[in-house]
Structures are given as structure tokens and as C-alpha cells.
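Here is what each chain is made of, one letter per residue.
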Amino acid sequence: MATPAFECPTDVCPPMFDQYAGQTSYFGGESPLSKAVGYLVVVGFGALFSIFTTMVVFADKKFAGNASITSEHFNTAGRMVKTGLTASVIVSQWTWAATLLQSSNVAWNYGVSGPFWYASGATIQVLLFGVLAISLKDIAPSAHTMCEIVRARWGKTAHLTFLFFAFCANIIVTSMLLLGGAATVEALTGVNYELASFLIPWGVILYTSAGGLKATFMASYLHTMIIFAVLITMITIVYVKAYSSDQIYDYLAQTVAYTKEECELLFSEDGTAETSFYLGEDGSKQYACGYVTGNNSGSYLTMLSSDGLMFGIINIVGNFGTVFVDQSYWQSAIAARPQSAARGYLLGGICWFAIPFSLATSLGLASTALMLPISKSEAGSGLVPPAVADHLLGSAGSALILIMLFMAIVSTGSAESIAVSSLVAYDVYREYWNPEATGKQILWVSRVVIVVFGIFMGLFSIALNEMGLNLGWVYLFMGVVIGSAVIPLWNMMTWSKASGKGAVIAAWSGLVLALIGWLVGAKIQGKAVTVATLGTNEVMLSGNLIAILSSGFIHYVYSKFIDPQDFDFATLDENIHLVEQDLSGLGAEQQDKNELRRAKRWIVRRGYLLTFVLILVWPILSVPAGIFTKDYFAFWVLVSIAWGFGAAIIISVLPLVESQEEIGNVFGGMWNYIRCKEGDINQYAEEEAAPAKTLDEEPTKEVEAEAPDADGEEAA
């Protein structure tokens, strides 16, 4: 056991007092991993995935006979992705750095309500987007981007308006990836922040520009498996190997039992109030110790948390923007089969819920239970998970979190890169620069944009860091900027009366009103407009709510009473044109209106029901519990563990089961190649199984007619 810097000044000492007494921060400027490990993960994994995805795409083309990469295939993946892979991709691209880091920060701040509100507040958008996904397959199956649909229905002015909001969404999401990722890489390995911000995008650039959306999907599946592997490792370590739910419960109860004076003594240099660093310059506490303001009886073990609920509302509003206005989610819907578009989003949302909920319920709550010296600044930068993992597993824990984080960054980063490249290629280059662009030209532009965007975002994240903005601040701010575009986009896909002029007015008015409300709120509450006063929960909540509600109200009133339309959705797809006549995923079977109507009914019922359960039923049922008992908390933990394991199994196994035929074709093609044969392995299996002919036998007409079918070609 470590010798403490001073004797414990309270009757009951924190669990880890002997080890960390006198420390002002957990990492304290020292990295648990070497710089070599940082470079290995940031550069090595990027190169590894580039090689892996390039090989997979090549094998799919060479041995399974799939088409060469055209501009259509590069940006839509052939529009035939199945349910399991769609769900896996949704989980992958919705797992931001913030999902892993910010979810534990809100657990550190608010207790058990934080992980729940983070998970539920960001799951319902994916569930509801399934409704838009199946609507897209019905009314705009030829689309490449959401802005193409805006252009086809509402014209140029609306197109430019929502193109602006789409780019804002992509930039904000990528900023959060790099802000959280670079800060964690620096804390864990000592790699310079600016250098990490510049190097991380290259892991995305290489394989995304090489293989397009299909390569992104294949890599995303592997990323998701690794993320879930680390997730179940961490929840097992916290609640099975190192501690139990009862121990964590007792520690959490003790954390809030300390008085302010005791906390000042515990977080000091020598056990005296004179050397305490517990309070910041503004008088707020800087460490997880003592009464939790806004929580029932100041406890971490309750869902009755005013700040937790406020965060939940901000989370819900802000994440509607980063799903509905983010081209990457529209692109996943475009790539999916019609049935998969509905089921994939529902399954993906349910499985994704486990990542923030289970991870933060384990690592986030453990950080406050053990009273590790994690400062408020460290928590805001997303360093709670790496600190707890390092405490529990040493350098191995730090390495696991670093790998998990890198998987989240490159998976979402690749989705954002391909989204931006599609917007530029189809909605800028083809629409306004070169309307007669060929497929090769669009493919070239797509690849160039991926490289340029990656470099730009590395530089932009450095600028944000210099401005003093961290992951948590940007996360709360996103809804202020893009929230006003949400309801007009929903109306575009579902309401025939939705006005294009009204949508433009609503989107810009909502943004302006939100910014005014946000700035005025900071001035009123904080007496000055600073980064700190702009980042409080109350001010961010006002900006987020004004953005989405004012926009929705304006668009409804304008469309209903001023400029009502009577749009025929059947004509929408006629105004969207393919570059190459690649009709994969656009056949009669995929466009069966009866099947599409059934799929829409399926997702509408389940999407609305699960949304109702997650944001109303579950929280309301937990209110009577007040402060959780040991048994109630044990059940809560059990749900998080079971959800984590169940999601991991489904998301890992289902894509393999659904794709076993395609996987078999690849391996079969490789076997034929080894045997110096060409074509489908099934052809050779049939030939070898056929009875041998004698010399005087003549082939029958039936055989002659069947033979061409085996090759998939017409008879000469």
C-alpha cells in the first residue's frame, strides 16, 4: 500500500486516499503510456485499417465478382446493405469520442441520472430517423444526399440554406471527435495535442478515400466489435472483478456524506484548509466530494436531479440536430435496403444505448465512488474513463481506453468525411460548378475533399482548443447552431403542405433567435459574456430550446396559413438524377410500394413506442425510488451489464450471419483462383456433381438451356 502524503484528516477516509493524497489532478501532467504507444495507435491503427479495408474491397471485387468502384458505388455502397451491417454502422458512427468520454463526465457530475439521460437522450433520434429512412426509400430512392432532396422539392434558396446547416453539423461533430480524442491521446501518451489533432484524421483519410462508403461500412463493423469488447471488459472489471454493486453503492453514499470542510481537508496539500485546492476561483467545487447540488438529498444515487434533467433536455434537442442534419445518417439510409433502413436504425439505436449507459454506469460512477483526484477541468475534457481504467488496470487500462477511443474517432470520422465529400461532389461541384460532371470526375472530387476536409479539421480543432473550448462545451453548443434545421427537414419528408420559403425563413430565424437568446442568457445570468458563462447548463438549454421550437413554430405557421403547398411526393424522385446508370438497389423488388408501406408502419409504431418508453416511462418509474436502495441499484447495474453484453453479441454476430453467402462467395472465389479457375464456386460445385458423359452422348436441349444460367450469361 502506498504511503500517503499526510494522515487522513477525517474519520472515514476515501477508498483511495493513501494512493492519491495531495494530488491536484489524476494525471498531473504525467502520462501512463509512452509516446511510442501513442504514435503506434494513432498512426499504426490508421495504416492497419487502410490496408485491411483495401484488401477487403479488393477481395469483394476480385473474388465475389462485385462491381468496380464508380461514383455511385463510392457514395452509396450499392444501396443494398443489410440490417445487421446497417445497425453496426449506426452504432459505429453514433459512437463519438463524446459518447465514451462525455457520458462518464455527466456521471461524474450528476450520478446515475447522467448515463441514463445521455443514452436515452441520444437514442430516440436514431429510432425516429428510421421513419425518415424508410420515407427516403419510398419517395427519393435515387438520392445521394439530403440536400439533393431539398433541391428537388424546394429549390435553390432552400438548397443553399440547408447545405450550410449540413456543413455546420459535419464540422461540429468532427470538432468534438478531435477535441476529445487529442486531449485523451495527450493525457495518456504525452503526444503533443496539436500533433495528435493533425495525425488522427490521417487514419480516416487513407481508407475512406481508397474504398468509399463500402470500405467505411466494413471498417465500422470491426470498430464496433472492438468498442464493445473493451466495454464489456470494463463493466466486468468494475462490477465483477474489482468491486461489487454493493461496494460501489457504499462508496457513493460516503462520497456525498462528507461536509464541505472535510472535502477541503481531503483535497489539500498537507491536510489543512490553508493548502486546500477543493474550491476553484469562482467558489465552485472542483472534485467529486460532498453534497451534489440539484440532486435529491445531494445523492449520486437518484434520478431526481435537476441538473441531470436539464442536461437530458439539452442532449435531446442538440442530438436531433446532429442526426437529422448530419448527411452521414442520410447516407446510411441511402445505402441500406428498404427493410434494413427501418430495422437497422431501430436495432442500431437499441444497441447503441448500451455504450454510454453501461460504460458510464461503470467507469463514470466508479470515479466518484473511489474519489479519484479527477479535477473538474479533467472531467470536462473527457478524462474520467481513462483515469478510472488506468487506476483499475494500470497501463493496460489506459491502452484499452486509447484503442476504444481511436475506434470511435475513426469510425465516426470516416462517416463524416464521406458525408462531406458527397455534399461537395453532388451539391456543390455537380450542382453549381459542373452540371455535366462524369462519374470519374465526381469520384475524383470526392476523394480530394476527404483529404482536404481531414487536414482542415485537424487545424480547426487546434484553433478551438486555443480558444479554450473543450469537448463538453462544444457538445452542449451544437443544438444552438443546427437545431433550427431539424423540424423543416422532418416536414420536408413527411408533410405535403411544407413550404420551401417557410423552411428557409424558419431555419435562419431559429438560428438568429437561438444565438440572441443564448448571448442574452449568458449576460443576464453571468453578468458578462464569456466562454464560461456561455457554457452553463441554463444558458445552453435556452439556446437549444429556442432553436428547435421557434423554427418548428415558424415553419408550421408559414406552411399552414401563409404559403400552403400540396406537393405530390410521387414526383420527387423524378427531379433527382443518377450520374452513372448504376441501378443497384433501385429494382422493382426494392421499390415495392406495399413492402415500403409495411416497413414504414413497422418502424413508426416501434420507433414512437420506444421513444415514449425511454424519455417518459423509464424516468417516471424510477421517480418513486427516490434515493436508490442497494437492491434497486444492484438491479440498475444488472440492467446495464445485461444490455451491454446483449448488444455486443447482436451487433457482432448478426452481420456475419446475414452476410454468410457473400463471405462464402469471397472465399469460394479465392479457392477458385488458387485452382486457376474463374467464376462462381457454385458453378464448379454443380459441374463436379454432374454425372460423367460418355463419348456418344449428345447434350440435351434442357442442359444447353441450363448451362448459360450457371454462368449468368445469355446463350450465344
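Everything below is about the structure printed above this text.
My aim in this report is to walk through the structure given alongside it, one point at a time. (Residues numbered from 1 in each chain as written. Predicted model: local features only at pLDDT ≥ 70, side-chain atom pairs only at ≥ 80, totals over all residues. Heavy atoms only, no water.)

**Here's the deal with the overall build of the chain**
Line of reasoning, step 1. Within the chain, the secondary structure is distributed over 28 helices and 0 strands.
Line of reasoning, step 2. For the chain, the proportion of its 716 residues judged to be buried stands at 57%.
Line of reasoning, step 3. For the chain, contacts bridging at least 24 residues in sequence account for 83% of all contacts bridging at least 6.
Line of reasoning, step 4. When the accessible surface of the chain is split by element, carbon and sulfur atoms take 63% of a total near 28000 Å². (Helix = DSSP H or I, 4+ residues; strand = E, 2+ residues; numbered from the N terminus. Buried < 20%, exposed > 50% of the residue type's maximum accessible area, 1.4 Å probe, protein only. Contact = heavy atoms within 4.5 Å. Areas by Shrake-Rupley, 256 points an atom, 1.4 Å probe, with all protein chains shown as cover.)

**Concerning the environment of Ser197**
Line of reasoning, step 1. Among the secondary structure elements, Ser197 is positioned in helix H9 (residues 193-242).
Line of reasoning, step 2. Distance in space between the C-alpha atoms of Ser197 and Ser175 is 9.8 Å, their sequence separation being 22 residues.
Line of reasoning, step 3. If we skip the residues at most four places from it in the chain, Ser197 touches Leu178, Ala182, Gly458, Ser461 and Ile462.

**Re the environment of Ser104**
Line of reasoning, step 1. If you trace the backbone, Ser104 turns up in helix H5 (residues 97-110).
Line of reasoning, step 2. With 275 residues separating them in the primary sequence, Ser104 and Ala379 have C-alpha atoms 8.2 Å apart.
Line of reasoning, step 3. Not counting chain neighbours up to four residues away, the residues in contact with Ser104 comprise Leu359, Ala360, Leu363, Gly364, Val384 and Pro385.

**Some words on the state of the cysteines**
Line of reasoning, step 1. According to the stated counting rule, one finds 2 disulfides in the structure shown.
Line of reasoning, step 2. The side chain of Cys8 participates in a disulfide bridge whose partner is Cys13; the two sulfur atoms lie 1.9 Å from each other.
Line of reasoning, step 3. Owing to a relative accessible area of 22%, Cys8 belongs among the partly exposed residues under this scheme.
Line of reasoning, step 4. Cys13 sits in the partly exposed class, given a relative accessible area of 34%.
Line of reasoning, step 5. Shown here is the disulfide that connects Cys263 with Cys289, its sulfur atoms set 2.0 Å apart. (Disulfide = S-S within 2.5 Å.)

**Topic: a positive patch on the surface**
Line of reasoning, step 1. Together, Arg343, Arg597, Arg601, Arg605 and Arg606 make up a region of like positive charge exposed at the surface.
Line of reasoning, step 2. No other element matches the 4 residues that helix H24 (residues 593-622) contributes to the positive patch.
Line of reasoning, step 3. With respect to the helices, strands and loops of the structure, Arg601 is situated in helix H24. (Patch = residues over 30% accessible without salt bridge, like charges linked within 9 Å, V, L, I, M, F, W, Y side chains within 5 Å. Salt bridge = Lys/Arg side-chain N within 4 Å of Asp/Glu carboxyl O. Lys, Arg positive; Asp, Glu negative; His and termini not counted. Charge placed at Lys NZ, Arg CZ, Asp CG, Glu CD.)

**Structural notes on the packing of aromatic side chains**
Line of reasoning, step 1. One pass over the structure, following the stated rule, counts 47 aromatic pairs.
Line of reasoning, step 2. An angle of 35 degrees between the planes, with centres 5.9 Å apart, marks the rings of Phe324 and Trp490 as tilted. Taken together, the residues Phe324 in helix H12 (residues 306-324) and Trp490 in helix H20 (residues 486-494) connect sequence positions 166 residues apart.
Line of reasoning, step 3. Here the basic side chain of Arg343 rests over the ring of Trp602, its NZ or CZ set 4.3 Å away from the ring centre. (Phe/Tyr/Trp six-rings, centres within 6.5 Å; stacked < 30°, edge-to-face > 60°. Lys NZ or Arg CZ within 6 Å of the ring centre and 35° of its normal.)

**Comments concerning the packing of helix H8 (residues 156-189) against helix H21 (residues 500-526)**
Line of reasoning, step 1. Where H8 meets H21, the axes come as close as 9 Å, and the angle between the chain directions of the two elements is 35 degrees. Here the hand of the crossing between H8 and H21 comes out left-handed. Of H21, the residues touching H8 (which contributes Thr157, Ala158, Thr161, Phe162, Phe164 and Phe165) are Ala503, Val504, Ala507, Trp508 and Leu511. (Axes fitted to C-alpha atoms, helices over the stretch in contact; angles between N-to-C directions. Left-handed = near helix turned anticlockwise from the far one by under 90°.)

**Some points on the nonpolar core**
Line of reasoning, step 1. Counting 204 residues, the largest nonpolar core has Trp96, Phe129, Ile149 and Phe633 as its most contacted members.
Line of reasoning, step 2. Looking at this core element by element, the count peaks at 18 residues for H8.
Line of reasoning, step 3. When near neighbours in sequence (up to four residues on either side) are disregarded, Phe129 contacts Val323, Phe324, Tyr329, Trp330, Ala333 and Tyr345.
Line of reasoning, step 4. Judged by nonpolar contacts, the second largest core, of 12 residues, contains Phe17, Cys263, Leu266 and Cys289. (Core = buried A, V, L, I, M, F, W, Y, C linked by side-chain atoms within 4.5 Å.)

**Some words on helix H19 (residues 471-482)**
Line of reasoning, step 1. If you check H19, its first and last C-alpha atoms are 17 Å apart, about what 12 residues at 1.5 Å a residue would give, namely 16 Å.
Line of reasoning, step 2. In terms of burial, H19 is largely enclosed, as 12 of its 12 residues are buried.
Line of reasoning, step 3. Turning to H19, its buried residues are Leu471, Gly472, Trp473, Val474, Tyr475, Leu476, Phe477, Met478, Gly479, Val480, Val481 and Ile482. (Expected span 1.5 Å × (residues − 1).)

**Concerning the side chain of Lys82**
Line of reasoning, step 1. Residue position: Lys82 is located in the loop between helix H3 (71-76) and helix H4 (83-94).
Line of reasoning, step 2. From its side chain, Lys82 meets the backbone oxygen of Glu658 in a polar contact 2.9 Å long. (Polar contact = N/O pair within 3.5 Å; in protein donor to acceptor, adjacent residues only side chain to side chain.)

**Describing unusual backbone geometry**
Line of reasoning, step 1. Here the phi dihedral of Met371 falls at roughly 55 degrees; this positive angle occurs in a residue that is not glycine.
Line of reasoning, step 2. Here Met371 is to be found in the loop between helix H14 (338-369) and helix H15 (376-380).

**Observations regarding a nonpolar patch on the surface**
Line of reasoning, step 1. Residues Val512, Ile516, Val520 and Ile524 make up a contiguous nonpolar surface patch of about 360 Å² in total accessible area.
Line of reasoning, step 2. For Val520, the location among the structural elements is in helix H21.

**Some thoughts on the pattern of salt bridges**
Line of reasoning, step 1. On inspection of all chains with the given rule, the structure shows 4 salt bridges.
Line of reasoning, step 2. Here Asp250 makes a salt bridge to Lys630, at a shortest N to O gap of 3.2 Å. Pair noted here: Asp250 is in helix H10 (residues 245-257) and Lys630 is in helix H25 (residues 630-658), with a separation of 380 residues, a long-range link.
Line of reasoning, step 3. By relative accessible area, Asp250 is classed as partly exposed at 36%.
Line of reasoning, step 4. The partner of Arg598 in a salt bridge is Glu595, with the nearest N and O atoms 2.5 Å apart. Placement of both Arg598 and Glu595 in helix H24 is noted, with a separation of 3 residues, approximately one turn of the helix.

**Observations regarding the environment of Ser652**
Line of reasoning, step 1. Structurally, Ser652 is set in helix H25.
Line of reasoning, step 2. Judged by its relative accessible area of 16%, Ser652 is buried.
Line of reasoning, step 3. Placed 568 residues apart in sequence, Ser652 and Gly84 show a C-alpha to C-alpha distance of 8.6 Å.
Line of reasoning, step 4. With residues near it in sequence (within four places) discarded, Ser652 still touches Tyr221 and Met225.
Line of reasoning, step 5. Reaching out from Ser652, the side chain makes a polar contact with the backbone oxygen of Ala648 at a distance of 2.7 Å.

**Concerning the packing of helix H6 (residues 113-139) against H14**
Line of reasoning, step 1. In contact at an axis separation of 8 Å, H6 and H14 are set at 170 degrees when each is read in the N-to-C sense. The angle between H6 and H14 falls in the class roughly antiparallel.
Line of reasoning, step 2. Here the contact of H6 with H14 is composed, by residue class, of 21 nonpolar, 5 polar and 1 charged. (Parallel < 35°, antiparallel > 145°, perpendicular 65-115°, else oblique. Nonpolar A, V, L, I, M, F, W, Y, C, P; charged D, E, K, R; others polar.)

**Observations concerning H14**
Line of reasoning, step 1. The first and last C-alpha atoms of H14 sit 46 Å apart over 32 residues, in line with the 46 Å expected at 1.5 Å per residue.
Line of reasoning, step 2. Where H14 bends most, the angle comes to about 40 degrees, and this point is Ala360.
Line of reasoning, step 3. Across the 32 residues that make up H14, a large majority, 29, are buried.
Line of reasoning, step 4. Looking at the residues trailing H14, positive phi occurs at Met371, about 55 degrees. (Bend = angle between axes of the 7 residues up to and from the residue.)

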